[in-house]
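Notes for the structure review
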Amino acid sequence: MLNSRELRIILLLQEHDLSGEELATLLATSRRTIVRDIAQINTLLADEKIGSVESIKKYHLLVLNTANFNQLLTRVNNESDLVLLHLLIHPNISMAELAEKTFLSRQNILNNIEKLNRRFQNVLKISSKPRIGISLKIRHISKIDVLAALSLDNQQLVTKQLKQWQLDPEIETPARIIRRQLPEQLFEYLTAGQLHAQILACYLVAQQAVTVTNPALLNEFVQHEINVSVASVLTNFFEAKLKLLTDLTMAKVQTAIQVTKTRYTLDALDNNFTGEILNHLRRSSMFSTFVPESLLEQVRYLKIQNPFAFDFAFDLTRKLQSTFKSSQIEDEYIALYVLRAIETPAAHNVRTLMYATRQSVANINKMIITEQVPNLDIEMVFSREQLETRLAYIDFDLVIGNGLNPNDLRLPAQFDSTFNGIISQDELDQLKNLGSESYIQENLLKFFPKSHFVRLKGVHHSAKRVLRDGLAKFSDLGLLTDDQATALINREEAGNQLVLNHISIPHASTELVDAYELFAISFDGEVKIAGKPIYLMIMVLANQGRKDNGQVFGYIYAKIRHLSAAQLQQLTDHEQLIDQLKQN
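Just so it is clear, the structure is predicted and the values come from calculations on it, not from any experiment. (Residues numbered from 1 in each chain as written. Predicted model: local features only at pLDDT ≥ 70, side-chain atom pairs only at ≥ 80, totals over all residues. Heavy atoms only, no water.)

1. Details of the overall build of the protein chain
In plain terms, the rule: Helix and strand definitions follow DSSP, with helices as H or I runs of at least four residues and strands as E runs of at least two, each counted in order from the N terminus. The size measure is the radius of gyration over C-alpha atoms, and the globule rule it meets is 2.2 Å times the number of residues to the 0.38 power. Any two residues having at least one pair of non-hydrogen atoms within 4.5 Å are treated as being in contact. Accessible surface is estimated by sampling points in the Shrake-Rupley manner with a 1.4 Å probe; for residues, cover comes only from the protein chains shown. All tallies of charge rest on Lys and Arg as positive and Asp and Glu as negative; His and the ends of each chain are not included. In this description, the location of a charge corresponds to atom NZ of lysine, CZ of arginine, CG of aspartate or CD of glutamate.
The helix and strand inventory of the protein chain stands at 27 helices and 14 strands. In terms of overall dimensions, the protein chain is globule-like: its C-alpha atoms have a radius of gyration of 26 Å, near the 25 Å expected for 584 residues. Taking the intrachain contacts of the protein chain between residues at least 6 apart in sequence as the baseline, contacts between residues at least 24 apart amount to 71%. A total accessible area of about 27,900 Å² is found for the protein chain, and carbon and sulfur atoms account for 47% of it. Averaged over its 61 positive side-chain charges, the protein chain has a centre that lies 6 Å from the centre of its 65 negative ones.

See the structure below:
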């Protein structure tokens, strides 16, 4: 089976071709290790009759049997989910016990722990301690929240484990009690399936009775012959949810937005935006949702196109997280709401109806599609009845389906495109109309004259020092104001830096005559940002008065995304960098 690094190689090659050097840099390992990993991957792909990793100029993943490939990824994900399931249920379990329960080798368990720590890096931390065992620490939410999300996302695995454990927990009775005893508002943000998953999670973690804060609810459970330890866990969990829902108010969210907004020029963030954020927080607090790996590449692309929106979302998430400490708030989701609120009005001329089986996933897909395919005007429906009604009264140009094989559900529609989960880049490419690059290319020398390039002397090891020394040189020449230099430094030191293919891109929004001003700093040595080697810095000042001030980031990314580390290190003067940025 694939180890953690080999799996990451496959996932990276799913997105685009990469050289061995690029893979080694991304995975913080050696070129020789990548060659060895590719050989192991090819052995497995051949045994599974899936395809191979071809090597010409770069590594290319050739999939000949998509069904077998998807089954392989499912097995790999099931292993990590199985490890997580046992860690949630059995605190401080030993390696030997975990291996016995999962039928996985010690090395396989370690690989899956590494994968889980990376996948849920903002949610939990798994560690191993001598004489204590493997422990799991969760940051903001509870084990029940994580276990409920796992139960809903991988129902087949959890159902199989329940059969092996000979467990058949009663779900309907506590569900009826909870609905009868708790305010109706709670269930505006919690579906029946999510409620059932939470009740199941409470059964699985209930090992001993605990002190409860609502004796009346506890007694109601006990009177219906629900085990007292399970009843105690259920009572405390749903009482905590009710308290959290009460704490999530419009006023608190509005205050967080206003405080964060003082550092940005985002006029479009009105009461509708505040309401959307509040509803998102209530939904995700009542049932925790985590950013799926399939979404991360899309988010990365959106961040390149809209770095200022992501800067705001990152700062807003930190403010919201400090206000609502018992909620798990993902800045990627917040960024998608920001993007929808500030999107530039476009000529939406293709009427599109999207049928979806999961509203939360559909909202994410709509934001992604609208951002990257601006000529689609999307309306969403979530039931057969809504679909029939809209099709009966409106002649849509496109009908698309987002869910579990919409064509197999005997729905009254011929779908032009269907996809499951988060829309992939290949599926987006079917809908996308690419914008023109001509404006930036024609004005590139105006935005980035020769005086805006500096080559630092000496060998450097600190990204912060490179930025400060370079900005000082531009300031001494009168090319940058002190406020502009300070804004660039503050943005970098706040975190959430923008790094594209080993190029750091500090950026700030400011008053300018033109749309942009670009500056570049070249240097010898290797500096790192978040563990990633950086070989060049390109600073971007964007005109705060332009609604499309993120356009230049996508342009830069398109021009430098395929460059190797060696090629980037050779960009040591203005002419070389201009030539690269002008290449088609």
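2. Topic: the packing of helix 5 (residues 95-102) against helix 6 (residues 106-119)
Note the threshold: Interaxial angle, 0 to 180 degrees, is taken between N-to-C directions of lines fitted to C-alpha atoms, where a helix line uses only the stretch in contact. Note on angle classes: values under 35 degrees are labelled roughly parallel, values over 145 roughly antiparallel, values of 65 to 115 roughly perpendicular, and the remainder oblique. Basically, the charged four are Asp, Glu, Lys and Arg, the nonpolar ten are Ala, Val, Leu, Ile, Met, Phe, Trp, Tyr, Cys and Pro, and anything else, Gly included, counts as polar.
Two numbers describe how helix 5 lies on helix 6: the axes approach to 10 Å, and their chain directions differ by 95°. Of the possible angle classes, the one that applies to helix 5 and helix 6 is roughly perpendicular. Along the contact surface, helix 5 presents Met95, Leu98, Ala99 and Thr102, while helix 6 presents Arg106, Ile109 and Leu110. Of the residues contributing to the contact of helix 5 with helix 6, the split by class is 5 nonpolar, 1 polar and 1 charged.

3. Points about empty space enclosed by the protein
Over the atoms, a rolled probe matching the size of one water molecule traces out where space is still vacant. Stated formally: Computed over the protein atoms alone on a 1 Å grid, cavities are sets of points where a 1.4 Å probe fits but cannot get out and pockets are open sets with protein on both sides within 12 Å along at least five of seven lines; a residue lines them when it has an atom within 4 Å of a point. Grid points are joined across faces, edges and corners, and a volume is the space filled by probe spheres set on the points.
According to the stated counting rule, one finds 2 cavities of 30 Å³ or more in the structure shown. When its volume is computed, the largest cavity comes out at roughly 60 Å³. Lining the largest cavity are Leu2, Asn3, Ser4, Leu7, Val76, Glu79, Asn108, Asn111, Asn112 and Lys115. Where the lining of the largest cavity is concerned, the elements lending two or more residues are helix 1 (4-15), helix 4 (66-89) and helix 6. The biggest single contributor to the lining of the largest cavity is helix 6, with 4 residues. Looking at the lining of the largest cavity, its residues break down into 3 nonpolar, 5 polar and 2 charged.

4. Here's the deal with the pattern of salt bridges
Test applied: Salt bridge, as used here: a side-chain nitrogen of Lys or Arg that lies within 4 Å of a carboxyl oxygen of Asp or Glu. Burial classification: accessible surface area is computed with a 1.4 Å probe over protein chains only, and a residue below 20% of its type maximum counts as buried, one above 50% as exposed, and the rest as partly exposed.
Inspection of every chain in the model, using the stated rule, returns 17 salt bridges. For Arg5, the salt bridge is made with Asp37, and the minimal N-O distance between the two is 2.4 Å. Placement of Arg5 in helix 1 and of Asp37 in helix 3 (residues 31-47) is noted, with a sequence separation of 32 residues between them. Judged by relative accessible area, which is 28%, Arg5 ranks as partly exposed. Where Arg340 meets Glu276, a salt bridge forms, and the shortest distance between an N and an O atom there is 2.6 Å. Residue Arg340 is found in helix 17 (residues 331-342), and its partner Glu276 is found in helix 14 (residues 271-286); the two are separated by 64 residues along the sequence. For Arg340, a relative accessible area of 24% gives the class partly exposed. Overall, the relative accessible area of 25% leaves Glu276 in the partly exposed class.

5. As for the packing of helix 17 against helix 18 (residues 359-372)
When two helices pack together, their arrangement is given by the angle between the helix axes and the distance between those axes. Note the cut-off: Crossings are assigned a handedness: left-handed for a near helix turned anticlockwise from the far helix by less than a right angle, right-handed for a clockwise turn.
Where helix 17 contacts helix 18, the two axes come as close as 10 Å, and the packing angle between them is 50°. With respect to their mutual orientation, helix 17 and helix 18 come out oblique. The element helix 17 and its partner helix 18 pack so that their crossing is left-handed. Across from Tyr333, Leu336, Tyr337, Leu339 and Arg340 in helix 17, the residues of helix 18 making contact are Ile364, Met367 and Glu371. Class assignment of the residues belonging to the contact of helix 17 with helix 18 gives a composition of 6 nonpolar, no polar and 2 charged.

6. Comments concerning the environment of Asn78
By the element assignment, Asn78 lies in helix 4. Residue Asn78 is classed as partly exposed on the basis of its relative accessible area of 27%. For the pair Asn78 and Asn154, spaced 76 residues apart in sequence, the C-alpha to C-alpha distance is 8.0 Å. Leaving out residues up to four positions away in the same chain, Asn78 has contacts with Asn154 and Leu157.

7. Quick notes on the pairing of strand 13 (residues 516-529)
As a reminder of what qualifies: Any two strands with at least two DSSP-identified bridges between them are counted as paired.
Bridging between strand 9 (residues 453-459) and strand 13 involves 4 bridges; their strand directions are parallel. Bridge assignment links Arg455 to a residue of strand 13, and that residue is Ser522. Here 10 bridges tie strand 13 to strand 14 (residues 532-543), and the two strands are oriented antiparallel to one another. Residue pairing for strand 14: Ile521 is matched across the bridge by Met537. In this structure, the hairpin formed by strand 13 and strand 14 is closed by a connection of 2 residues, where Ala530 is found at a positive phi of approximately 55°.

8. Points about the packing of aromatic side chains
Think of a pair of aromatic rings as described by two things: how far the centres are apart, and how the planes are tilted against each other in angle. Applicable threshold: Between rings of Phe, Tyr and Trp, where Trp is taken as its six-membered ring, a pair exists when centres lie within 6.5 Å; planes separated by under 30 degrees are stacked, by over 60 edge-to-face, and by other angles tilted. In this scheme, Lys NZ or Arg CZ marks a charge over a ring once it lies within 6 Å of the ring centre and within 35 degrees of the ring normal.
Tallying each qualifying case throughout the model produces 6 aromatic pairs. A centroid spacing of 5.0 Å and a plane angle of 85° characterise the contact between Phe237 and Phe238, whose relative ring orientation is edge-to-face. With respect to class, Phe237 is no different from Phe238; both count as buried. Ring centres 5.7 Å apart and planes at 80° place the aromatic pair Phe308 and Phe553 in the edge-to-face group. With Phe308 in helix 16 (residues 307-323) and Phe553 in helix 25 (residues 551-560), this residue pair connects regions lying 245 residues apart in the sequence. Neither residue differs from the other here; Phe308 and Phe553 are each classed as buried. We note Arg179 situated over the ring of Phe187; from NZ or CZ to the ring centre the distance is 4.6 Å. Of note, Arg351 hangs over the ring of Phe396, and the distance from its end group to the ring centre comes to 5.8 Å.

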